Each structure stands twice: as structure tokens, then as C-alpha cells.
Amino acid sequence: MNQEDPLPTNFIMEQVRSDLDKGKTATVVTRFPPEPNGYLHLGHAKAICLNFSLASQFNGRCHLRLDDTNPSKEDKQYIDAIKRDVKWLGYDWGDHLYYASDNFDQLYQMALSLIEAGYAYVDDLSAEEIREYRGSLTAPGRESPSRNRTREENILLFERMKNGKFADGEKVLRAKIDMSSGNINLRDPVLFRILRTPHPRTGTLWKIYPTYDFAHGQSDAIEHVTHSLCTLEFEDHRPLYDWLLEKLPVPSRPRQFEFARLNMSHTVLSKRNLMRLVDTGRVTGWDDPRMPTLSGLRRRGVPPEAIRNFISKLSVSKREGVVELAAFEFEIREYLNQHAERRLAVLKPLKVTIENYPPGKSEQVTASNNPKDENAGTRLLTFSREIYIERDDFMEDPPKKFFRLGPGREVRLRFSYYLKCKEIVKDQLGNVTELRCSYDPETKGAPPPDGRKVKGVIHWVSALDAVEAEVRLYNPLFSDEAPGKEGNVEDQIDIESLKVINGCKIEPSLANVTVGNAIQFERNGYFCVDNDSRPERLVFNRTIALRDSWTKAKAD
RNA sequence: AGGGGCGUAGCCAAGCGGUAAGGCAACGGGUUUUGAUCCCGUGAUGCGCAGGUUCGAAUCCUGCCGCCCCUGCCA
């Protein structure tokens, strides 16, 4: 994964370069440390790309570390999903898969050494009391009565915590730092807590678990991580991160650097909100194609390359902002335009009978698979007397700038002939049910001898070999720019975010497309086969529509 | 008694004392058998505000203002 677009420089790269130049470190080791308590989303993608590409640019390495220090929230199912998603994004951690839980024993020993050094103590205070003693943002905290226990007593108590002699929450191990610090993280933070919940990996072996603050920096040190990247809300934790590394017998000295997390318009990117959407059943699951999860984007047909390009163009800074959805959509189209093969598919079919084309006759026309890629080759399409065109490509009473079909109008059928509308057939309700047209046999793949021009080119499918399919059209989950700012996200879902169309007529070659392949339905958008698709019932997802200046112009 | 961050175009963002990169969006124009793609063009006399230092300031100094984060035994 070395061949990415050149990354714009950013403050973290500059830091690394300078550390290398000054000899502060010989190699670069980063890590992506998700907690296995949910599915990865676009926000994680930023962290993944950042950590992996930073390491690869400097010929270092990036670890995947599952930060599994809280068994009450974590679950095994998430671990596999996380690994699968990171791989799908295009990154490889090689042999460097780690778990914070691998370090439980070492962390316990380190805690012991902190106690020995007089920097930690077992506290009897309840959770509520600790909160009370902590003080407030503007008032200093008070020292716990347990703060001055002897080392011996602390060690004994800590051992008993470990051996399950106390109930959950009865005691905690705290660092002894400064209850009057302006930084609340330094007011004797909790290092270990009692939790009888079985752990997905260590089972019932442990009755106590380290907190994030105690586990993270030390795990970084144990893995010899050099640059530990995290998001802005951990800036306040850095003094504690450094304090622990200084006091503990650690094998290396990692440093923490913070960057702004990704926010995107019309999207929610917090585990809490995504979980709500899933739990309330407002989406079909974590992999609903409308979800900004990696599994959702994958099912939607968004190529991992597009995600990587998007992230790499964002650059990295400490400014909290909101990236417009359009910037992401641009990268999806950009990639798909180069790589997706083109096919003809009629979403809302309108039957056309070509009166001057002999009944029973058919012929083949050649169609380019991808004008952007000569190697993609060509394919043959059947042309016949009866075809389907898009309902939206016909208007009985067209406005001035409408270039498509209308009574007496002529257009080109893509890759084949000129077609002229002679007559409209309607049902009793006045709905247009069929068009009777004529074609010009002298226009097959070439301009007519008389040089007349048509402005419109429309797609079509022969009634002879068209295949039926279901197509699911997606729009952003939220029409609101900043969903969830107030109120519940699940109540803000745009009902237009999913439209299912049945009875679409698509060219037969589309029946052979497999999951994971991107296809452009010409003039419509980029599509992929959904997991729900079966040979007898094809289902396609629209990844994203083509840019459309026509409907935009119409709206003005 | 508070602590930690951040302010450059609608959005993202370079810039590191020498006279405001780039991308997205938007808007014009051209090409086109996808109203797509592609190509060309248009935007900050000004960098949160006010002072100061300097020949010269988005960059240095001072003071304001605005926004975000922190009082889980979550991460």
C-alpha cells in the first residue's frame, strides 16, 4: 500500500521528519487502537489511513491493537469485523496484531511498581464519593482519606482486589498525583477497577481491569510505538500519559500527538448515534448501505481507494471542522469514472415499438465497456423492434431545453440508431404506456447522410433479451446538514434515503456481475450488486448518481 | 482556581518575517453518441478584532473576542 496519492504535508509528518532528523527515533512505529465495541466508520478510516500511511511513508510499521480493557462493553464479534474492515480498506498489519489484554499481567506488575514507589494507592471511596472529592472545573479537589495508606497495605489490598476479594466498585487503584491540578485528569486518576465481567479473551482470569489511561500509554511503550496518534479530546490526557511513562519501568518512550477527528455534513460519525440507528431498527444493520460504517460503504459499493483518496486529500490539522459530503462524493465518482465498466439499464421502463423495423428481426451493435479504459474492450448489444427506454427520457409536453424524446422529436439511441417519436399510446387513465417510433437505418453508429443533428442521446434495452432487476436508490441518510445536533438522530432520517424500484430492465450481461464489482449504468450512476441479489432476483444498489446538471438546471 | 485547544474564501487546507498554494463547492465558456467525463476561465487589497515591533507581519509581541474539549471506576 505504498502507491497512494502524494500526501499533503501536515504537522504530524513534520514532527516525524524532525524526530528522525534529530535522531530522536530511528524508526517510526504507529498503531491503530480501536476498542472492539462497535463497527468501524469513516471517522476510524481517517485514523487508519493516517497511522498506516505515516508509517509506510517513513518505512516504519503500523500495529493493529484492539484496546480491550473494558469487558462490560466489548464483544468478540467486533474484533473480526474490525480486522476485516481494516484489510478491506487496504492495510496490512503483518505480524503486528496486538491486544491490550495481552499486557494485563505486565500492567498489573507496573501498577505494583507504582505503589512501591509511593505513586499509587488503593482507595475505599465509592464512585460517587470520588466524584465528589474530585472537585469541579473551577474548584480544586480534596484528598481521599485512603491516600496515605502504607505501601504494604496498598500492596495487600491491590492483591486482594486482583484475587476477587471485593465486590465490583468496592475499591479502585488510583495514581497519587495532585488533587488541586487544573487538569482534572491529574486529580488522582483511577488506574484499575474491579469488574467481575468475563473478558472475551482472558475469560474469568482477571477480576480487575486497567483503565484506558493506564493501559494505553504502557501498551504503546510495550509495543515500542514511537508516535501515538489520537484525537483532540485526549490532549488533556497527555500530561497523565507522560507522567505514567516517566514513573513506570517501560521499555520505550512513545509520545502522543493529537489531531482533529473527522466530521462530515449530512452524516453522524459517533458510535453512540450509529448504535442508536441500528438499535432502533431504523436502518437494517451496521452494514445498511446508507451507513457511514466501512461495512455499509462496502455494501453500498464505495471503493476503498475512494475512501483513502478522500482521507489523504483532507490533510491533518487540529481544527475541528465539518467536511462537506460533496468532497467525499467527488472522490467516489472520480475513482469509479476511471474504473467502472459501463452498461445500459432502464430503471423505469417505457416500451417503444419501432414501426419501421421488421418484426422478428434483430441485430447486434457494439458498445464500449469503458471509454476511460481502452483495455476494458467492447460488448455486443441486441437491437430489435421492441425496446425499453427510460420514462424520464420522454415528455409529452417538453420544456424548451429538454433534449430528449417528445412527440415528433428525434434522439440517438446510444450505440445504435436515431429514433423518432411518431405516436403516443395511452391507457384509459391517460398514462403513457407505449411509444410508436421510427428509426433511421442510415444512422447506425454514424451521423446521418443529410448531416442533421440531434441533441439528445438516450439509453435503451432490447425487449428481446432484457433481464429484470430490483434497484435500490440511495440518498444521504439525513437531508439535514448537521443531524443529531438536537433531538434523536433516528427521528431525523430522510425518508427519501432509500427508494426501491422493481421491474427495471437491464442488459443481460449484468446478470453475470458479482458482488464487489462497480458498474456504471450509463446516464444514471454507479451501481453494484447487493448481498441480497440472487440469480432469480437480481438486486443492485446505487452507489452514487452521476453528476446531473440537467435536473439542477430544471430547478432554476 | 480552573486547565487544554482552535480561529486563513461557502467547505477542507497550505503558509514557519519578503508581499495569500491546492482541492471541493459555485458560476461562466468549449468539446462530447453518457445533459457524464474532459478542457479553459472566475474568487481573499486581505488571514477573528485592536494595538505594537519591523523597510516589510497571516507569520513576532500585547490585549481583547469567538468556538470546541475536560468534573466515567468509558475509550
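Here the structure is shown first, and the text comes after it.
Let us look at the structure shown here. (Residues numbered from 1 in each chain as written. Chains lettered and ligands numbered in written order. Predicted model: local features only at pLDDT ≥ 70, side-chain atom pairs only at ≥ 80, totals over all residues. Heavy atoms only, no water.)

**With respect to the packing of helix 11 (residues 304–314) against helix 12 (residues 325–339)**
The line we're drawing: Here an angle of 0 to 180 degrees is reported between the N-to-C directions of two axes, which are lines fitted to C-alpha atoms, with helices fitted over the stretch in contact. The helix count covers DSSP runs of H or I at least four residues long, the strand count covers runs of E at least two residues long, and both are numbered beginning at the N terminus. Roughly parallel means an angle under 35 degrees; roughly antiparallel, over 145; roughly perpendicular, 65 to 115; everything else is oblique. Crossing handedness is defined as follows: a turn of the near helix away from the far one that is anticlockwise and smaller than a right angle gives a left-handed crossing, while the clockwise case is right-handed. Residue contacts follow a heavy-atom distance rule, with two residues in contact if any of their heavy atoms lie within 4.5 Å. Gly is placed with the polar residues, together with every amino acid not listed as nonpolar (Ala, Val, Leu, Ile, Met, Phe, Trp, Tyr, Cys and Pro) or charged (Asp, Glu, Lys and Arg).
One can describe the packing of helix 11 onto helix 12 by two numbers: an axis separation of 8 Å at closest approach and a directional angle of 135°. Considered as vectors, helix 11 and helix 12 are oriented oblique to each other. When you trace helix 11 past helix 12, the crossing you get is right-handed. Across the interface between the two elements, Glu305, Ala306, Ile307, Asn309, Phe310 and Lys313 from helix 11 touch Ala327, Phe328, Phe330, Glu331, Ile332 and Tyr335 from helix 12. Of the residues in the contact of helix 11 with helix 12, the class split is eight nonpolar, one polar and three charged.

**Some remarks on the pairing of strand 9 (residues 255–259)**
Our working rule: For every residue, the accessible area (1.4 Å probe, protein chains only) is compared with the maximum for its type, and the residue is labelled buried under 20%, exposed over 50%, or partly exposed between those bounds. If you view a crossover with the strands going away from you and the path from the first strand over the helix to the second runs clockwise, you call it right-handed.
Of all five residues that make up strand 9, four are buried, and the element is covered over most of its length. After leaving strand 8 (residues 227–231), the chain enters helix 8 (residues 238–247) and then returns to the sheet as strand 9, a path that is right-handed.

**A look at empty space enclosed by the protein**
As a reminder, the rule being used: Definitions used throughout: a 1 Å grid over protein atoms alone; a cavity as a set of points that fits a 1.4 Å probe which cannot get out; a pocket as an open set with protein on both sides within 12 Å along at least five of seven lines; a lining residue as one with an atom within 4 Å of a point. Grid points are joined across faces, edges and corners, and a volume is the space filled by probe spheres set on the points.
Tallied over the entire structure, the rule returns two cavities of 30 Å³ or more. If you add up the space inside the second largest cavity, you get close to 40 Å³. Lining the second largest cavity we find Tyr212, Asp213, His216, Gly217, His237, Leu240, Tyr241 and Gln256. Elements represented by at least two residues in the lining of the second largest cavity include exactly helix 7 (212–222) and helix 8. Of the residues forming the lining of the second largest cavity, the biggest block, four residues, is contributed by helix 7. Grouping the constituent residues of the lining of the second largest cavity by class yields three nonpolar, four polar and one charged.

**Thoughts on the environment of Leu240**
Checked against the element boundaries, Leu240 lands in helix 8. On the accessibility criterion, Leu240 (0% relative accessible area) is buried. Between the C-alpha atoms of Leu240 and Asp213, which are 27 residues apart in sequence, the distance is 7.5 Å. Look past the residues within four positions of Leu240 in its chain and what remains in contact with it is Ile177, Asn185, Leu186, Pro189 and Asp213.

**Here we look at the protein's contact with RNA strand B**
Which entries qualify depends on this criterion: Residues are classed as near a molecule or strand on a simple rule: at least one heavy atom within 4 Å of it. Here a polar contact means two N or O atoms within 3.5 Å. Within protein one must be a hydrogen donor candidate and the other an acceptor candidate, and residues neighboring in sequence count only if both atoms are side-chain atoms.
Neighbouring RNA strand B are 69 residues, the closest being Thr138, Arg319, Arg342, Gly445 and Arg547. Backbone atoms, meaning sugar plus phosphate, form 60% of the atoms of RNA strand B positioned within 4 Å of the protein. Within the backbone of Leu137, a nitrogen or oxygen atom sits 2.8 Å from a base nitrogen of RNA strand B. Contact between RNA strand B and Arg193: a phosphate oxygen at 2.8 Å from a side-chain N or O atom of the residue. For the surface near RNA strand B, the elements supplying multiple residues, two or more each, are helix 5 (127–133), strand 6 (190–194), helix 12 and helix 13 (549–555). Its residues assigned to classes, the surface near RNA strand B shows 25 nonpolar, 20 polar and 24 charged.

Nothing here speaks to function; it is geometry throughout.
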